[in-house]
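Here are the chains, one letter per residue:
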Amino acid sequence: MAPTLKLNSGYEMPQVGFGLWKVDQATAADTVYNAIKAGYRLFDGACDYGNEKECGEGVARAIKEGLVKREELFIVSKLWQTFHDEDKVEPITRKQLADWQIDYFDLFLIHFPAALEYVDPKVRYPPGWFYDGESEVRWSKTTLQQTWGAMEKLVEKKLARSIGISNYQAQSVYDALIYAKIRPATLQIEHHPYLQQPDLVNLAQKEGIVVTAYSSFGPTGFMELDMPRAKSAAPLMEHALIKEIAAKHKKTPAQVLLRWATQRGLAVIPKTSRPEVLAQNLDSTTFDLESSDLEKIAEMDLNIRFNKPTNYFSADKLF
Ligand code: NAD
């Protein structure tokens, strides 16, 4: 079982969880069930991943079979951009909870700090970035402050125990701290040796916000999308320095990449469906890197971001 981190909401969050992006509907229920069996307790989902119903089936099966109790799980989901308008937040959260077959999220995040015009779930779900499902981007005039107010109401109504933010940069974090009545419990960001964002991580940690690293393996998670930027980057697990540190500690390069984050107080949410890899990732907090390892990895920062809208669509569609 993974160690936990205490959130500013008072709840404990597992430091190693399981990411659900790109887990297809056909395998999601079994993937979640098997991950619970392997000892995972935190699941990182989202409306946009299009698999919440199936993930919920995996959770329900594990609970029914007595593998785990609901209160032992930590289920995370995210508010998609088309639901930022204040009156849309609660209804979509209730739909997402129904999909998961649960009555509260342990943590609910604003997925991206950008509001898009509402798309009725009856028209298309998940809605994605485009209003017409193809190419038209329509921004909503709702501010992040208004959306955060609606997120706070989810806590009041006990639909979410903790609320947080994702893909925010420093200025929007500062801004949120000014208007928040409930401070964000976590900030989820892309974080790996090629994109370290030390100022943002320090700012969040100094303000008592737990940082969750996503895409800990850098380009690897984006290869499945056929993204040219990811395909041309040197894979982190084959990087000479990471391999050298892994050999020294008799661990895998993946474990070094995860430990580099968790040892510095971040949470991680790697994704895999292979049983031996499931165990290896969960077991990545049981050794310590030396401070010289951390210093050398810090020098690998290239400020390369893989997860940004303009890497998925041509910029002229968005701006
Ligand atoms: P990741 O960094 O976890 O990499 C996944 C890839 O690495 C897969 O191809 C998997 O087979 C491989 N892998 C995993 N463990 C391995 C190991 N021990 N050895 C060798 N290969 C291994 O990928 P990701 O999906 O980009 O990120 C993880 C999670 O983060 C997502 O599933 C999602 O939950 C979350 N995420 C959030 C956002 C956001 O905007 N908030 C964006 C991206 C990802």
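Cut-offs applied
- Residues numbered from 1 in each chain as written.
- Predicted model: local features only at pLDDT ≥ 70, side-chain atom pairs only at ≥ 80, totals over all residues.
- Near = placed C-beta within 6 Å.
- Helix = DSSP H or I, 4+ residues; strand = E, 2+ residues; numbered from the N terminus.
- Nonpolar A, V, L, I, M, F, W, Y, C, P; charged D, E, K, R; others polar.
- Pairing = 2+ DSSP bridges.
- pLDDT = per-residue confidence, 0-100.
- Buried ≥ 20, exposed ≤ 12 C-beta atoms within 10 Å, placed from the backbone.
- Right-handed = clockwise from strand over helix to strand, strands pointing away.
- Contact = placed C-beta atoms within 7 Å.
- Expected span 1.5 Å × (residues − 1).

Caption draft 1: Local environment of the site of the ligand. Residues in close proximity to the ligand total 26 residues, the closest being G19, W21, Y214, G221 and A254. Those elements that place two or more of their residues in the shell around the ligand are α7 (220-223) and α11 (275-282). If you tally residues by element for the shell around the ligand, the top one is α11, at 3 residues. Along the lines of polarity and charge, the residues of the shell around the ligand split into 9 nonpolar, 14 polar and 3 charged.

Caption draft 2: Region of interest: the sheet that holds strand β6 (residues 105-110). Strand order in this open sheet of 8 strands is β3-β4-β5-β6-β7-β8-β9-β10, and the pairing throughout is parallel. The outermost strands of the open sheet, each flanked by one partner alone, are β3 (18-19) and β10 (267-268). With 2 bridges joining them, strand β9 (residues 210-214) and β10 adopt parallel strand pairing. Residue pairing in the sheet places A213 in a bridge with V268 of β10.

Caption draft 3: Representation of the confidence of the model for the chain within the structure. Across the chain, the average pLDDT comes to 95, with 98% of residues at 70 or higher. Of the two predicted TM-score estimates for the complex, the pTM is 0.97 and the ipTM is 0.99.

Caption draft 4: Geometry of the pairing of strand β7 (residues 160-166). Among the 7 residues of β7, 7 are classified as buried, and the element is accordingly described as predominantly covered. As for the winding sense of the linkage, the β-α-β connection from β6 through helix α4 (residues 144-156) to β7 is right-handed. In this structure, β7 lies alongside strand β8 (residues 186-190), joined through 2 bridges in parallel fashion. Residue pairing for β8: S166 is matched across the bridge by Q188. Crossover connection from β7 via helix α5 (residues 170-179) to parallel β8: handedness right-handed.

Caption draft 5: Quick look at the environment of Q205. Of note, Q205 is situated in helix α6 (residues 198-206). Linking Q205 and G265, residues 60 residues apart in sequence, is a C-alpha distance of 8.4 Å. When residues no more than four places from it in sequence are discounted, the contact partners of Q205 are V211 and G265.

Caption draft 6: Expanded view of helix α2 (residues 52-64). With 13 residues, α2 ought to run about 18 Å at 1.5 Å a step, and its terminal C-alpha atoms sit 18 Å apart, in line with that. Of all the positions in α2, only E52, E54, C55, G56, G58, V59 and A62 are classed as buried. Each element contacted by the buried residues of α2 is listed here: α1 (25-38), β4 (42-44), β5 (74-79) and α3 (86-100). Phi turns positive, to about 80°, at G66, one or two residues after α2.

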